[in-house]
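# A structural walkthrough
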Amino acid sequence: MNESAKRDLLIENARLVDPSQDLDLSARLLVIDGCVSKINPTDQEVPAACARLDAMGRIVAPGLVDLGAELREPGSEEDETIESGSHAALAGGFTSVLCCSSTRPCIDSPGAVEFVRQKATKARGARVHVIGCLSKGREGEQMAELGLLSVAGAVAFSDAPKSMPNDALLKRALEYCRMFNLPIFDRPEVPELAEGGMMHDGQVSLVLGLKGLPTEAEDLAVARDVRLAEATAGRLHVGPVSTMGAVDMIRRVKSRGIDVTASVCPHNLCLSDIQLRSFDSKYKVHPPLRSDKHVETLRNALADGTIDAIQSGHMPRSREKKMDDLDLSPFGEASLETTLATTITYMVAKQLIDWKTAIERLSTAPARIAGVPGGTLKPGVPADIVIIDPEATWTVDGTRFRSNCISSPLDGHTLQGKATHTIVGGEIRYRLQPELEHLA
Amino acid sequence: MSTAVQPDIEFPKNWHRRHLLDLESLSPEEISTILDVAQRLKELTQGCRQKISLLAGKTCANLFFENSTRTRNSFSLAAKRLGADTVEFSSVGSSVAKGETFVDTAKTIEAMGVEWVVTRHGTPGTPHLLSRELNCCVLNAGDGPHGHPTQGLLDILTIRQHRGDIKGLTVALVGDIAHSRTARSNIWGLSKLGAHVIICGPPTLVSPRWTELGFEVAHHLDDILPRCDVLNLLRIQFERQRARPFPSVHEYAALYAMNGVRMQKAKDDILIMAPGPINRGVEITPEVADGPHSVILEQVTNGIAVRMAALWLLSGANERAKANAESSPAD
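Along each chain, residue indices are assigned from 1 in the same order as the chain's sequence is written. Throughout, the order in which chains and ligands are written sets their labels, letters from A for the former and numbers from 1 for the latter. Reporting in this predicted model follows two pLDDT cut-offs: at least 70 for local features of residues, and 80 or more for side-chain atom pairs to be given and counted; totals over whole chains, interfaces and linings ignore these cut-offs and use all residues.

What follows concerns the overall build of chain A. Scanning chain A from terminus to terminus reveals 14 helices and 18 strands. Radius of gyration (C-alpha) of chain A: 21 Å, near the 22 Å computed for a compact globule of 440 residues. For chain A, the C-alpha atoms occupy an extent of roughly 65 × 45 × 45 Å along the three principal directions. Contact definition: two residues whose C-beta atoms, as placed from backbone geometry, lie within 7 Å. A fraction of 75% describes how many contacts in chain A between residues 6 or more apart in sequence connect residues 24 or more apart. Counting from the N terminus, the helices are DSSP H or I runs at least four residues long and the strands are E runs at least two residues long. The reference for a compact globule is 2.2 Å times residues^0.38; the radius of gyration itself is calculated from the C-alpha atoms.

Structural data, given as structure tokens:
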């Protein structure tokens, strides 16, 4: 294709939002050979044969970066494949996703890293960065070969969505990882306190007789995580977090100058545990939907920066798995395609954050935490760009997802905001409505 | 053979429900309606002993994914006393063992032409899910620790028979509240009818959050005993507990077992109830279980009465809904 061979593109009529340069302005953006060239180029600087894209006043921002999505391949292709997942990411405005190590076999060998990277290149969806296992076989006993994994291209280490139950191993890994300057991600949860839990432990679980996931299970793990990060000076990211206790602890250690980061899932910003009254497995998500006061605290913590980033929490599970009763049905949801709109609907539209902050939390911060390219439109970087229609309203219908998973706690909800174009390395890989484009 | 007498009973105008899923969602009036109908059917069947042909030609499916003897037999007898047929299904040796989901199993049973599916399952909410998937009536015969509405109703019917009115009575539910569907049904049923409910047991089995919902929580049986009109002694559900919530059965019995010594502190006319099966020597001693205040066996008989009432009411509402659907033009 001519377009992808040359990949010059002029995006016109843009509302350019780039928190990395503190920008929110009307502008046009020139992409040359797949990289950002210049904001507001002169007519002479625009090549004659350059493709043009009219953004129609919509938001043009660095593409979203996800800190952790399960892509399920190899081993659970009925839930998701690297192709379906990376295209679901594009439809959600993501130009990069970090894929979790929780495949079968898990990503604890250089060969497994290589497999994912090759599949992702072929899929031509969003860029896929690999999170390597923190422990061999994700068993929490021995450190995985972190050095070899990093050579193979792993950008971070984690056993997420499983937490790391072994304190000594986590401490050693934080120390060891300093020589690669790569981060460790922990999904904080003490397994003994969470065992058998199906939903947030609170008034609703009490009445429904459903085994609860107590907030202490997360609070204790966060306390351990931040203390070990402080002790080792290792790079640690905790997330997704979902409790007031976790927020409180992260706020306190950050105020002491300790360099930890945290993320939250969109479902914890909008829905509460009351939804479980329907006993519908689409609300069995992880972290669990908590009570309103936690939702409120998380929103505020995201707004004030205590929580650095939003991560999709994409844990796709096939339709037949989610059809079982609430106990047997696995935790999980497809969220790559709703993360942006959830953020806009429940944070931007409610004026809890402005657009610059929204893009910071969805793109710039995750890229910085993971140490991957993206999150900025500075000249010279690969042109990973999302164009967002901030006014578009749409009703979530899981059956229309590009993900193989149709289950979403937001199914049936009307949300505001949608990615209309997702551009990876200057190539438009996703368009919402082709008829609206005016390519020269 | 059936005596096949046409029974003298009128269908209550205020009843519209096709499913009986829990007591929390019922109004006080609806609960009273079931109890009234149960009382009337108990009389018409000479104390649940004779057959009448109220539901002849209909079939009730017992779909039990958890072991049960008394509840399943009680539902079967209730259906048969009203002239209905029953079909038994249990998860042992069924297609569930072959990997079928419970919804598919239930749909298969429904397709055999049943009027009611009576279901028991270890997971809360399964009857609620079935009620959305099936066109027939769904009765919850126990969904994990969540609900067991006919058990709650039979307990309340038994109290009503002895005391006339539930309003103003102090009823203590004692024991393993955390794992008890009987407790979660009694709590709503009794409080909706105006009883003062005390939830009593060790803090590991009785969440302090019940007070947020307006119930009295107590941890020492001896403290509340003199105030109680009714004690409902719930079984310790060892099979649902992941970790022991108290150090030993011996210690539990010392703190909570209803025995002869404790009976001295109780009101003269206290009613002693237990949903069964009872662990003699754990929550209740034989002298109390078999003593003059015990109404445990009356509860069993009343179980058939409330289940007859539930089957008849749900079926009637179902027929009415079908008739309405046929008479009103489809859009």
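Moving on from the model shown.
What follows is about the sheet that holds strand 6 (residues 196-200) of chain B. Residue and element names in this part refer to chain B. Here, any two strands with at least 2 DSSP bridges between them count as paired. Read across the open sheet, the five strands follow the order 7-6-5-8-9; overall the sheet is parallel. Only two strands of the sheet have a single partner each, and these edge strands are strand 7 (216-218) and strand 9 (271-273). Looking at each pair of strands side by side, their axes are set apart by 20 degrees on average, direction ignored. Strand contacts of helix 5 (residues 149-163): strand 8 (230-233) and strand 9, with the helix running at about 160 degrees to strand 9, the strand carrying the most contacts. For every element, the axis is a line fit to its C-alpha atoms; helices are fit only across the contacting stretch, and the angle between N-to-C directions ranges from 0 to 180 degrees.

Take the sheet that holds strand 3 (residues 116-121) of chain B next. Residues and elements named next belong to chain B. Strands sit in the order 2-1-3-4 across an open sheet of four strands; the sheet is parallel. With partners counted over all chains shown, the strands left at the sheet margins are strand 2 (85-90) and strand 4 (137-143), one partner each. Neighbour to neighbour, the strand axes of the sheet diverge by 15 degrees on average, direction disregarded. Across six bridges, the pairing between strand 1 (residues 59-64) and strand 2 is parallel. Within strand 2, the residue paired with phenylalanine 64 across the bridge is serine 90. Contacts from helix 2 (residues 70-81) reach strand 1, strand 2, strand 3 and strand 4, with the element oriented near 175 degrees to strand 1.

So, about the interface of chain B and chain A. Contact with chain B, which involves 21 residues of that partner, is made by 13 residues of chain A. Mapped by element, the contributors of at least two residues to the side of chain B that touches chain A are helix 3 (102-111), helix 4 (126-133), helix 6 (181-192) and helix 7 (209-212) of chain B. Of the residues forming the side of chain B that touches chain A, the biggest block, three residues, is contributed by helix 4 of chain B. We call Asp, Glu, Lys and Arg charged. Ala, Val, Leu, Ile, Met, Phe, Trp, Tyr, Cys and Pro are nonpolar, and the rest, Gly among them, are polar. A breakdown of the residues in the side of chain B that touches chain A according to their chemical character gives six nonpolar, 10 polar and five charged.

Quick look at the packing of helix 1 (residues 28-44) of chain B against helix 5 of chain B now. Residues and elements named next belong to chain B. In the contact formed by helix 1 and helix 5, the axes pass within 10 Å of each other and the chain directions differ by 70 degrees. Considered as vectors, helix 1 and helix 5 are oriented roughly perpendicular to each other. Here helix 1 runs over helix 5; the crossing is right-handed. Each of Ile34, Leu35 and Ala38 in helix 1 lies in contact with helix 5, whose residues at this interface are Leu153, Ile156, Leu157 and Arg160. Across the contact of helix 1 with helix 5, the residue classes break down as six nonpolar, no polar and one charged. Working rule for angles: under 35 degrees goes down as roughly parallel, over 145 as roughly antiparallel, 65 to 115 as roughly perpendicular, anything else as oblique. In this scheme the crossing of two helices becomes right-handed for a clockwise turn of the near helix relative to the far one and left-handed for an anticlockwise turn of less than a right angle.

What follows deals with unusual backbone geometry. Backbone torsion omega between Arg104(A) and Pro105(A) reads 0 degrees, so that peptide bond is classified as cis. Tracing the sequence through the fold places Pro105(A) in the loop between strand 7 (94-99) and helix 3 (110-123). Here the bond from Gly239(A) into Pro240(A) is cis, since omega is -5 degrees, no more than 30 degrees from zero. Position of Pro240(A) relative to the elements: it lies in the loop between strand 13 (236-238) and helix 9 (244-255). Located in the positive-phi region is Gln351(A), a residue other than glycine, with phi close to 60 degrees. Structurally, Gln351(A) can be placed in the loop between helix 13 (339-348) and helix 14 (355-370). Counting other C-beta atoms within 10 Å of its own, a residue is labelled buried from 20 upward, exposed at 12 or fewer, and partly exposed in the gap between, with every C-beta atom placed from the backbone. Since 8 C-beta atoms lie within 10 Å of it, Gln351(A) is described here as exposed. Backbone geometry at Cys48(B) places phi at a positive 65 degrees, although glycine is not the residue there. Note on placement: Cys48(B) falls in the loop between helix 1 and strand 1.

Residues and elements named next belong to chain A. Boundary definitions for the domains trace back to an automatic or database domain assignment. Assigned domains of chain A: these are domain 1 (2-60 + 383-394 + 413-436) and domain 2 (63-370). The gap between the C-alpha centroids of domain 1 and domain 2 is 29 Å. At the junction of the two partners, domain 1 supplies 20 residues and domain 2 supplies 24 residues. Going through the elements one at a time, strand 16 (385-395), strand 17 (414-424) and strand 18 (427-431) are the ones with two or more residues in the side of domain 1 that touches domain 2. Considering every element that reaches the side of domain 1 that touches domain 2, the biggest residue donor is strand 17, with eight residues. Residue classes in the side of domain 1 that touches domain 2 are distributed as 12 nonpolar, four polar and four charged.

Turning our attention to the pairing of strand 18 of chain A. Residues and elements named next belong to chain A. Relative to strand 18, strand 17 runs antiparallel, the two being bridged by four bridges. Each residue of the ladder has a partner; that of histidine 421, found in strand 18, is arginine 431. Taking the residues between adjacent antiparallel strands as the criterion, strand 17 and strand 18 are bridged by two residues, where glycine 425 takes a positive phi near 55 degrees.

Note: interface size is frequently given as the accessible area lost on complex formation between the parts. All names here are of chain B. For chain B, the assigned domains read domain 1 (28-148 + 302-319) and domain 2 (149-299). A straight line from the C-alpha centre of domain 1 to that of domain 2 covers 26 Å. Contact with domain 1, which involves 21 residues of that partner, is made by 24 residues of domain 2. Elements with a contribution of two residues or more to the side of domain 1 that touches domain 2: helix 1, strand 4 and helix 12 (296-327). Broken down by element, the residue count for the side of domain 1 that touches domain 2 peaks at six residues, all from helix 12. By residue class, the composition of the side of domain 1 that touches domain 2 is 10 nonpolar, eight polar and three charged.

Moving on to the pairing of strand 7 of chain A. All names here are of chain A. For strand 7, the tally of buried residues reaches six of six residues, placing the bulk of the element in the interior. Remark: the strand 6 (residues 64-69)/helix 2 (residues 82-91)/strand 7 crossover connection has right-handed handedness. Pairing of strand 7 with strand 8 (residues 127-132) involves four bridges; the strand directions are parallel. Paired with valine 97 across the two strands is valine 128, which belongs to strand 8. By definition, the crossover connecting two strands over a helix is right-handed if that path, from the first strand to the second, turns clockwise as seen with the strands pointing away from the viewer.

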